[in-house]
Amino acid sequence: MRKERKVQIMWIRCICYLFLFCAVLFFYLFLRSYFFLTILFLLTAWSVVSAAGLWYLAGRVRGEMGTGQERICPGDTLLLSLRLQNQSWWMALEAEWTIRFENTLWEEKSEQKVSMPVRPHGTELLTLPLQIGNLGHFRILADVLKLQDILGLVRLQMPVSQVRQVDVIPAAGPQKTFRTEGYMSGLSETEESKEKGNDFAEVSDIREYMPGDRIRDIHWKLSAKKDILMVKERVSVAGSEMMVLLQPGGEKTLAEQVLIQAFILSQAFLEQQIPVCLLLWDQRRYGWEENRSASQEELEEVFCRIYHVPVSLRNNDEWELYMKNCYPFLNHYLVIGNQEGEVQVVLHENA
């Protein structure tokens, strides 16, 4: 670690300090006073002690960074904590953190500098509230810590190698008002199979029909015997899933709305025990990336994985052709994309 330290001379302060030294030297030579001789000695000794103390201090200061949260929602406040632990009785004029913020999804980078004191033999804690408004995978890096000596003549740059990662996902919550009936009726042909042994639903119970139940869940044989409609209560969908294709586009605001809409729609399907497969194009692999989820927790994990590929690599103008070639047995799928400046959900025929 010592080999990686870098020394930076604060030239303006050094020139001012040298000017002060020359002025005291002039008065000493002119007046031959022991008082000015003592001041000359103190100025020389104190500059050496200040620089040597800074080097000594650098080996006994530990910098740590923390967030306390790994997953938040847009608009939430992220508490970024910076901690300096000094194990020596020496101190520094200030410690400057260089913090870099990177959003993988949007390929955005920014930098911020934060200063805090270094007190003798103690721990200094600084908490920064950060409000993040965009979706994405954020990497918060602090790899450089600069310590400045007491006189402010020298700055010592030392590595700290602190990295924290935070995913910003859409706000989770019940989506009971989101209507999926139109999509379900359009996809019934692709989900249902008349072949024996190909029933994808796992049935946990059979109960009487209630308004709002799907026609496809009616147990027709049992209903005929009891002269009352009975429905199958499903706990999972084992052999089929809702295929949702995402086309985020290039405009950031609309692309983010596409992701939010996909999250809300996926939640609505998951509440009906219907697994969801989000399809996104990956230009690096030159193929479709399949992201499956069967619960709210898995859906959040899916979005965290999606963020690792920039939006700029997610678009394909010939997606219809590639979907037909890669999924020839798929009859229909949902498309969430930007059409004429608006985010729309369309039931698309794979033909």
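Residues numbered from 1 in each chain as written. Predicted model: local features only at pLDDT ≥ 70, side-chain atom pairs only at ≥ 80, totals over all residues. Heavy atoms only, no water.

Asks: In this structure, what is going on with the overall build of the chain? I would like to understand it.
Replies: Across its full length, the chain holds 7 helices and 16 strands. A total of 351 residues make up the chain; the buried ones form 43% of that total. Nonlocal contacts in the chain, meaning residues at least 24 apart in sequence, comprise 69% of its contacts between residues at least 6 apart. Entry remark: accessible area of the chain is about 19700 Å², with carbon and sulfur atoms responsible for 55%. (Helix = DSSP H or I, 4+ residues; strand = E, 2+ residues; numbered from the N terminus. Buried < 20%, exposed > 50% of the residue type's maximum accessible area, 1.4 Å probe, protein only. Contact = heavy atoms within 4.5 Å. Areas by Shrake-Rupley, 256 points an atom, 1.4 Å probe, with all protein chains shown as cover.)

Asks: Is there a simple way to think about a nonpolar patch on the surface in this case?
Replies: A surface patch of nonpolar side chains, amounting to about 540 Å² of accessible area, comprises Val7, Ile9, Trp11, Ile15 and Trp55. Within the element layout of this structure, Trp55 appears in helix α2 (residues 34-58). By relative accessible area, Trp55 is classed as partly exposed at 37%. (Patch = residues over 30% accessible without salt bridge, like charges linked within 9 Å, V, L, I, M, F, W, Y side chains within 5 Å. Salt bridge = Lys/Arg side-chain N within 4 Å of Asp/Glu carboxyl O.)

Asks: I tried to follow the pairing of strand β6 (residues 108-118) on my own but got confused; where do I start?
Replies: Regular strands show a simple pattern: their side chains alternate between the two faces of the sheet. The sheet contact formed by strand β5 (residues 92-103) and β6 spans 10 bridges and is antiparallel. Considered in β6, the bridge of Ala95 is made with Met116. Hairpin geometry of β5 and β6 is characterised by an intervening segment of 4 residues between the two adjacent antiparallel strands and by a positive phi of about 55 degrees at Glu107. (Pairing = 2+ DSSP bridges.)

Asks: Help me understand the packing of aromatic side chains, please; the structure alone is not making it clear to me.
Replies: What characterises a pair of aromatic rings is the spacing of the ring centres plus the angle enclosed by the ring planes. For the coordinates displayed, the defined rule picks out 11 aromatic pairs. Between Phe35 and Phe36, the aromatic rings sit 5.4 Å apart at their centres with planes inclined by 75 degrees, giving edge-to-face as the arrangement. Geometrically, the ring pair formed by Trp46 and Trp90 is tilted, given 6.4 Å between the ring centres and 50 degrees between the ring planes. Of this pair, Trp46 sits in helix α2 while Trp90 sits in the loop between β4 (77-86) and β5, and the two are 44 residues apart along the sequence. Residue Trp46 is classed as partly exposed on the basis of its relative accessible area of 38%. Site record: aromatic cluster; members linked through ring pairs are Phe26, Phe27, Phe30, Phe35 and Phe36. The ring of Trp55 has Arg5 sitting right over it, with the charged end atom 4.9 Å from the ring centre. Across the ring face of Tyr28, the terminal group of Arg32 is positioned such that the distance to the ring centre comes to 5.8 Å. (Phe/Tyr/Trp six-rings, centres within 6.5 Å; stacked < 30°, edge-to-face > 60°. Lys NZ or Arg CZ within 6 Å of the ring centre and 35° of its normal.)

Asks: Help me out: how do you make sense of the pattern of salt bridges in this one?
Replies: Scanning the entire structure with this criterion turns up 13 salt bridges. Between Arg139 and Glu102 there is a salt bridge whose closest N-O contact spans 3.1 Å. Of this pair, Arg139 sits in strand β8 (residues 136-148) while Glu102 sits in strand β5, placing them 37 residues apart in sequence. Relative accessible area serves as the criterion here: at 15%, Glu102 is assigned to the buried category. With a closest N to O distance of 3.4 Å, Arg284 and Asp282 form a salt bridge. Where salt bridges share partners, they join Arg100, Glu102, Arg139 and Asp143 into one cluster.

Asks: Help me understand the environment of Arg284 in this model?
Replies: Note that Arg284 resides in the loop between β13 (276-282) and β14 (287-293). On a C-alpha basis, the gap between Arg284 and Val309 in space is 8.9 Å, while along the polypeptide they are 25 residues apart. Among residues more than four places away in sequence, those in contact with Arg284 are His308, Val309 and Leu313.

Asks: What's the story with the sheet that holds β4 in this structure? I'm lost.
Replies: Strand pairing in a sheet takes place through backbone hydrogen bonds and is either antiparallel or parallel in direction. Here we have 3 strands laid out as an open sheet, ordered β2-β4-β7, and antiparallel in their pairing. Edge strands, defined here as strands with exactly one partner in the open sheet, are β2 (61-66) and β7 (123-131). Between one strand axis and the next, the sheet turns by 15 degrees as a mean value, whatever way the strands run. As defined by bridge partners, β2 adjoins β4 across 6 bridges and the pair is classed as antiparallel. Directly across from Met65, in β4, lies its bridge partner Leu82. (Axes fitted to C-alpha atoms, helices over the stretch in contact; angles between N-to-C directions.)

Asks: It is not clear to me how the packing of helix α1 (residues 11-31) against α2 should be interpreted in this structure. Could you clarify?
Replies: What describes two packed helices is the angle between their axes and the distance between those same axes. Direction vectors running N to C along α1 and α2 enclose 155 degrees, while the axes themselves pass 8 Å from each other. When the axis of α1 is compared with that of α2, the two are roughly antiparallel. Crossing angle aside, the handedness with which α1 passes α2 is left-handed. In this structure, α1 uses Tyr17, Leu20, Phe21, Val24, Leu25, Phe27, Tyr28 and Leu31 to contact α2, whose residues at the interface are Phe36, Leu37, Ile39, Leu40, Leu43, Thr44 and Ser47. Among the residues making up the contact of α1 with α2, the classes are represented as 13 nonpolar, 2 polar and no charged. (Parallel < 35°, antiparallel > 145°, perpendicular 65-115°, else oblique. Left-handed = near helix turned anticlockwise from the far one by under 90°. Nonpolar A, V, L, I, M, F, W, Y, C, P; charged D, E, K, R; others polar.)

Asks: In this structure, what is going on with the nonpolar core? I would like to understand it.
Replies: Grouped burial of nonpolar side chains is what soluble globular proteins tend to show. Grouped together as the largest cluster of nonpolar side chains are 68 residues, with contacts concentrated most on Trp97, Ile99 and Phe303. Setting aside its immediate chain neighbours within four residues, Phe303 contacts Ile169, Pro170, Leu259, Ala262, Phe263 and Leu278. Grouped together as the second largest cluster of nonpolar side chains are 13 residues, Cys277, Trp288, Met323 and Tyr327 included. (Core = buried A, V, L, I, M, F, W, Y, C linked by side-chain atoms within 4.5 Å.)

Asks: Please explain α2 as it appears in this structure.
Replies: Here α2 spans 36 Å end to end across 25 residues, near enough to the 36 Å set by a 1.5 Å rise per residue. Within α2 the residues assigned to the buried category are Phe36, Leu40, Leu43, Ser50, Gly53, Leu54, Leu57 and Ala58. Backbone nitrogen of Phe35 and a side-chain oxygen of the N-cap are separated by 3.2 Å at the start of α2; the cap is Ser33. (Expected span 1.5 Å × (residues − 1). Polar contact = N/O pair within 3.5 Å; in protein donor to acceptor, adjacent residues only side chain to side chain.)

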